[in-house]
Amino acid sequence: MGIPDAILKKPDRLSTKEQATMQLYPQIGFNILERLRQDIDIHDTLVFGMAKDLALSHYENRDGSGYTQGLSGESIPLVARIMAILDVYDGLASRRCHKEALPHAQVVDTVVTLPGTTGNPSLVEGFLKVSEQFRQIFEATPDDKHSGPQGQRELVPPIPEGHRI
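Report on the accompanying structure. None of the values given here were measured: they were computed from a predicted structure. (Residues numbered from 1 in each chain as written. Predicted model: local features only at pLDDT ≥ 70, side-chain atom pairs only at ≥ 80, totals over all residues. Heavy atoms only, no water.)

## Concerning the nonpolar core
So, step 1. With 11 residues, the main nonpolar core is built from I85, Y89, L92, A93, V107, V108, V111, L123, F127, F134 and F138.
So, step 2. Elements represented by at least two residues in this core include exactly α5 (78-93), α6 (104-113) and α7 (121-140).
So, step 3. With near-sequence residues (within four places) excluded, V108 lies in contact with Y89, F127, L128 and S131. (Core = buried A, V, L, I, M, F, W, Y, C linked by side-chain atoms within 4.5 Å. Buried < 20%, exposed > 50% of the residue type's maximum accessible area, 1.4 Å probe, protein only. Helix = DSSP H or I, 4+ residues; strand = E, 2+ residues; numbered from the N terminus. Contact = heavy atoms within 4.5 Å.)

Here you go:
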């Protein structure tokens, strides 16, 4: 949201200025949600608060090196810490205009060792318990079958009967 397609679809490494522009999108999402809250009567403040936390904080890192607020450790909202793991998996396991998809085992190894996820053993442990289901979903929805203009999945595949995530 709010990021020019020239940056989103750029096949090469982003410049420092382009990276700074990309880092605006969590704040843009938060601002949209805040405007929405002001314009309509939101009764479920818990869920809406989680949505705002998610939008603003899912690029924070446990070591404080993320953005937009420079949060670290447990000060990062739980919903954002969970989304960070999901976002890393999706970003690495999906083909993008600037890179090919990585194999599942390599993606799992990366998720476990990234600064944004290390130091949070319970979330990483939970991810490891369901990582095989991630692989199954990605294999059931190859990038060339269910991808949008940026190569991102637009369709959520049905969960096979008897499987739970």
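## Notes on the packing of α5 against α6
So, step 1. In the contact formed by α5 and α6, the axes pass within 10 Å of each other and the chain directions differ by 145°. Helix-helix and strand crossings are classified by hand; for α5 and α6 the assignment is right-handed. Mapping the contact onto sequence places I85, V88, Y89, L92 and A93 in α5 and H104, V107, V108, T110 and V111 in α6.
So, step 2. Residue composition of the contact of α5 with α6, grouped by class: eight nonpolar, two polar and no charged. (Axes fitted to C-alpha atoms, helices over the stretch in contact; angles between N-to-C directions. Left-handed = near helix turned anticlockwise from the far one by under 90°. Nonpolar A, V, L, I, M, F, W, Y, C, P; charged D, E, K, R; others polar.)

## Remarks on the packing of helix α4 (residues 45-57) against α5
So, step 1. For the pair α4 and α5, interaxial distance at closest approach is 8 Å and the crossing angle is 50°. The orientation of α4 with respect to α5, classified from their angle, is oblique. Where α4 crosses over α5, the two elements pack in a sense that is right-handed. Facing α4, whose interface residues are M50, D53, L54 and S57, α5 presents V79, A80 and M83.
So, step 2. Per-class residue counts for the contact of α4 with α5 are five nonpolar, one polar and one charged. (Parallel < 35°, antiparallel > 145°, perpendicular 65-115°, else oblique.)

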